[in-house]
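# Chain and residue survey
Take a look at the letters that make up each chain.
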Amino acid sequence: MTSSVPRLVVAAPSSGSGKTTVATGLMAAFAARGLAVSPHKVGPDYIDPGYHALATGRTGRNLDAYLCGPELVAPLFLHGARGCDLAVVEGVMGLYDGAAGQGELASTAHVAKLLRAPVVLVVDASSQSRSVAALVHGFASWDPEVRLGGVILNKVGSDRHEELLREALDSSGVPVLGVLRRVPQVDTPSRHLGLVPVAERRADAVDAVAAMAAQVERGCDLEALSRLAGSAGPLPDVPWEAPVGAAGRRAVVAVAGGPAFTFSYAEHTELLTAAGAEVVVFDPLRDERLPEGTAGLVIGGGFPEVYAAELSANEPLRRAVAELALSGAPVAAECAGLLYLCRELDGRPMCGVLDATARMSERLTLGYRDAVAVGDSALAAAGTRMRGHEFHRTVVEPGAGAAPAWGVTAPVRRVEGFVQQGVHASYLHTHWAARPGVARRFVERCRTS
């Protein structure tokens, strides 16, 4: 089977060049023209896909060649883009920046090649004129397998500045597909882990996406960009499907959501549902009880440190979570979920499931990890190998329980996380599409616990 969904990859020479504004603006501008636009993000980032979803009305999805393996990038893309007229893929960091020490692995360039997609390079031109041609030439020629189909010049100061940039690029062979003027930045506030998620600023986020779309509509040649998307090569792959689990009663799996727990990959819910779960989302900031009939609990990432007071004040729910965990029911907690299960966070009482404390730290912990399950748990059998990602400014003490969740083998050997009764709690964010047996195992434990 082959597929030729028109698609573009939006990249940049470095972070901060404006690719999120351009990618999100393109998604919204094409959607406003009546196209069904499929939004994607290279890498493990959870926040940008929320803005992409606002722009398109479709679920934002991640494409991560490290977490899922290169072989799953095209199938996951086709799964998300099924039935769409066009797909826009926002890159990560600089075009050729990938997993540390792993060459091109998980870089935007790597994903573009796996998708056989043309790349549009967003260049911050605010402090250059003729030099832009050398920069673009370097990016276009570095890897002949990466097809640089055009450039969008960002933060251009004046008509004369634009003229100088265009003259310089005339001989590069790379067409200018857009020019965005130097204007006050679209209101997308940031804090310690990047942009503030959509769920925390819904109305303002809608306005921000509309502003991005207007900026792109004014400055970019959407027809030329659409033609470029249509030149993408066919993909000889079939869409990814969540494998169906064994027949049996459907088990209610409660999934934490709301402003405090916004980090989740769409495929996790799809995997749980296919495995036989009835997934019910609840908000730990507002709901005082777990969903009726809860047999298992998934608490993903997010910002509990921002909402520590509110989470602590919801004592009935904290007590319900602790009782569920004490009963032996499966509980899967990643990063923010780990903090919520601790005895306290920044001095405020949390669920008390784990005999550990959590606090904010000045140090950012960030990077891909190779891990192996130390022992059996509700998620994985001992010896199961997975790849994960850490992204936090908090510290949990101790960092591992008597039965750790993972042995991390790279970049430094250590044990990490907690396994006790049905609880599996860890800082590691993982993508279950890489190991669909994780979801099936979890649901089976929910049925039998």
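Residues numbered from 1 in each chain as written. Predicted model: local features only at pLDDT ≥ 70, side-chain atom pairs only at ≥ 80, totals over all residues. Heavy atoms only, no water.

The chain goes by Hydrogenobyrinate a,c-diamide synthase in an unreviewed UniProt entry, where it is assigned to Streptomyces eurythermus. Checking UniProt for the chain, the heading Function (unreviewed entry) contains the comment "Catalyzes the ATP-dependent amidation of the two carboxylate groups at positions a and c of hydrogenobyrinate, using either L-glutamine or ammonia as the nitrogen source." Under the UniProt heading Cofactor (unreviewed entry), the note attached to the chain is "Mg(2+)". (UniProt positions renumbered as here; feature names shortened; annotations may be inferred.)

## Let's talk about the nonpolar core
Core analysis: the biggest nonpolar cluster contains 114 residues, and F77, L115, L153, L225, L272, W432 and F442 have the highest contact counts within it. The leading source of residues in this core is helix α1 (residues 19-32), at seven residues. Beyond its immediate stretch of four places on either side in the chain, L153 contacts V123, V132, L165, L169, V176, G178, V179 and L180. With 39 residues, the next largest nonpolar core counts L290, L297, L311 and V423 among its residues. (Core = buried A, V, L, I, M, F, W, Y, C linked by side-chain atoms within 4.5 Å. Buried < 20%, exposed > 50% of the residue type's maximum accessible area, 1.4 Å probe, protein only. Helix = DSSP H or I, 4+ residues; strand = E, 2+ residues; numbered from the N terminus. Contact = heavy atoms within 4.5 Å.)

## Examining unusual backbone geometry
Excluding glycine, residues mostly have negative phi values, and the peptide bonds linking residues are mostly trans. Along the chain, E397 connects to P398 via a cis peptide bond; the corresponding omega equals -5°. Within the secondary structure layout, P398 lies in the loop between β17 (385-397) and β18 (406-410). A positive phi is found at A106, a non-glycine position, where the angle reads about 70°. Turning to its location among the elements, A106 is positioned in the loop between β4 (86-90) and α4 (108-115). Within the chain, Q421 stands out as a residue other than glycine whose phi angle is a positive 50°. Structurally, Q421 can be placed in the loop between β20 (418-420) and β21 (423-426).

## Here's the deal with the packing of aromatic side chains
Taken as a whole and assessed by the stated rule, the structure comprises seven aromatic pairs. Consider the rings of Y46 and Y265, whose centres lie 4.5 Å apart with planes at 25°: the pair is stacked. Separated by 219 residues along the polypeptide, Y46 in the loop between β2 (37-42) and α2 (48-56) and Y265 in the loop between β10 (251-256) and α9 (266-274) bring together distant segments of the chain. Overall, Y46 belongs to the buried group, its relative accessible area being 12%. Of the residues examined, Y265 reaches a relative accessible area of 2% and is grouped as buried. Between Y96 and W142, the ring centres sit 6.3 Å apart and the planes meet at 50°, which makes this aromatic pair tilted. Here Y96, found in the loop between β4 and α4, pairs with W142, found in helix α5 (residues 131-142); they are 46 residues apart in sequence, far enough to count as distant. W142 sits in the exposed class, given a relative accessible area of 65%. Cluster of aromatic residues (ring-pair linked, three or more members): Y46, F263, Y265 and F303. Residue placement shows R387 over the ring face of Y66; its charged tip is 4.0 Å from the ring centre. (Phe/Tyr/Trp six-rings, centres within 6.5 Å; stacked < 30°, edge-to-face > 60°. Lys NZ or Arg CZ within 6 Å of the ring centre and 35° of its normal.)

## Digging into the sheet that holds β20
An order of β11-β10-β12-β13-β21-β20 is seen for the six strands of this open sheet, with the pairing classed as mixed. The open sheet has two edge strands with one neighbour each: β11 (277-282) and β20. On average, adjacent strands in this sheet sit at an angle of 15° to one another, irrespective of strand direction. Alignment of β10 against strand β12 (residues 294-299), held across four bridges, turns out to be parallel. In the strand pairing of β12, V255 is matched with V298. In the packing of helix α11 (residues 315-326) onto the sheet, the strands contacted are β11, β12, β13 (331-334) and β21, and the crossing angle to β12 comes to about 110°. Across the face of the sheet, helix α13 (residues 437-448) comes into contact with β10, β11, β12 and β13 while running at roughly 145° to β12. (Pairing = 2+ DSSP bridges. Axes fitted to C-alpha atoms, helices over the stretch in contact; angles between N-to-C directions.)

## Looking at the UniProt feature "site: Increases nucleophilicity of active site Cys" (unreviewed entry) in the chain
Within this structure's numbering, the places UniProt gives as "site: Increases nucleophilicity of active site Cys" (unreviewed entry) are H429. Along the polypeptide, H429 turns up in strand β22 (residues 429-430). The exposure class of H429 is buried, given its relative accessible area of 1%. In contact with H429, other than residues within four places in its own chain, are Y46, L67, F263, G301, E334, C335, R387, G388 and H389.

## As for the sheet that holds strand β1 (residues 7-11)
Reading across the sheet, the seven strands line up as β3-β2-β4-β1-β5-β6-β7 and stay open at both edges, with parallel pairing between neighbours. The open sheet is flanked by β3 (61-63) and β7 (176-181), the only strands paired with a single partner. Sheet twist, expressed as the average angle between the axes of neighbouring strands with direction ignored, equals 25°. Here β2 runs beside β3; their pairing, made up of three bridges, is parallel. Looking across to β3, one finds that H40 is bridged to R61. Sheet strands touched by helix α8 (residues 222-230): β1, β4, β5 (119-124), β6 (148-156) and β7. Its angle to β1, the strand with the most contacts, is close to 110°.

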